[in-house]
Amino acid sequence: MITKFSDVFATLKADGICKRLVAAWAVDSHTIEAASKAVDLGIITATLVGDQKMIAEVCEKEGIDIAKFTIVDEPVELKAVAKAVELVRAKEGDVLMKGLCSTDKFLRAILNKETGLLPPKGVLSHVGVIENPQYHKLIFLTDMAVIPQPDFRQKVKITGYVTDVARAFGIAKPKVAFIAASEQMLDSMPACIEAAMLAKMCDRGQIRSCIGDGPLALDVAIDQESVQIKKLVSPVAGDADCLVFPNIESANVFWKTNSKLCTGVRQAGMLVGTTAPCILASRADSADTKLASIAEAVMFVK
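Since we're looking at a predicted model, the values are computed, not measured.

### Let's talk about the pattern of salt bridges
Charged atoms that come close allow side chains of opposite charge to pair.
Line of reasoning, step 1. Counting across every chain of the model gives 18 salt bridges.
Line of reasoning, step 2. Its salt-bridge partner being D164, residue R167 comes within 2.6 Å of it at the nearest N-O pair. Linking R167 with D164, this pair stays in helix α6 (residues 152-168), spanning 3 residues, or about one helical turn.
Line of reasoning, step 3. Between K200 and D203 there is a salt bridge whose closest N-O contact spans 3.6 Å. With K200 and D203 both in helix α7 (residues 190-203) and 3 residues apart, the pair spans about one turn of that helix.

Have a look at this one:
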């Protein structure tokens, strides 16, 4: 059973899974270090698209053998991003990864209607994975990076995405908590109403292969003691695999609180809804977060 990222790496290695990573404007030490470690683990082959001179300088400084990568020399950032997307679109890569380029340039290339990776009428979203020592298993969550205020149809879609990712990690029927400010059914809070509707859709199989409940406040979603104190009866409370947040602010705050105030946390994140998973790590993210994100994406496409 996969309950932490070390299990993810062990599973990928045991199953002999190796995918093709293409990194866009991969000229920074954290991206190159993460790609190098993933190559050493045997879970990817890596193509770095960017200024070859800058890549070589980073490799020399960090003591990384540049020969382990395929280098596509493109010294112009925008062109490098477009080339990386082109390679994945042409099925020459299984996973796209953002390097030192800005998020808007990365997304612009992905969303290009003629040359990008989002299918017609597709919904782009973001699925994160958190390993927190205070919780007994991985937490899958959405959407902390793309959709500011998802409408109901988008919430149905992103629930499907986050449960698809959880199933890729071996969770046959993920438990989904639809998060609101309260577990009470309050008609004054739209998040509570939509959470209840989403939970009923899970019950009736309209959102497939998962167990959903909501509205659930965050404490009862992930803390069994809170469930007992509040005497809540729920198939999900205290044991959620997936958290679907009502808006980007709540999800983003949860994500960053874990990263900045919790010791021993590991995180990963990727864009979904595209024809291939796209790793959208911050330029400031550590090499470990980028490595974990590579593992998430490889698990998803295996």
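### So, unusual backbone geometry
Line of reasoning, step 1. The omega torsion across T142 and D143 is -10°, close enough to zero to call that bond cis.
Line of reasoning, step 2. By the secondary structure assignment, D143 is in the loop between β6 (139-142) and α6.
Line of reasoning, step 3. Geometrically, the link from G214 to P215 is a cis peptide bond, its omega value of 5° lying close to zero.
Line of reasoning, step 4. For P215, the location among the structural elements is in strand β8 (residues 211-216).
Line of reasoning, step 5. The residue K91 is not glycine, and still its phi comes out positive at about 65°.
Line of reasoning, step 6. Mapped onto the elements, K91 comes out in the loop between α4 (77-89) and β4 (95-98).
Line of reasoning, step 7. On the accessibility criterion, K91 (57% relative accessible area) is exposed.
Line of reasoning, step 8. Residues other than glycine seldom take positive phi values, yet S209 does so here, at roughly 50°.
Line of reasoning, step 9. Relative to the helices and strands, S209 resides in the loop between α7 and β8.

Thresholds applied
- Residues numbered from 1 in each chain as written.
- Predicted model: local features only at pLDDT ≥ 70, side-chain atom pairs only at ≥ 80, totals over all residues.
- Heavy atoms only, no water.
- Salt bridge = Lys/Arg side-chain N within 4 Å of Asp/Glu carboxyl O.
- Helix = DSSP H or I, 4+ residues; strand = E, 2+ residues; numbered from the N terminus.
- Buried < 20%, exposed > 50% of the residue type's maximum accessible area, 1.4 Å probe, protein only.

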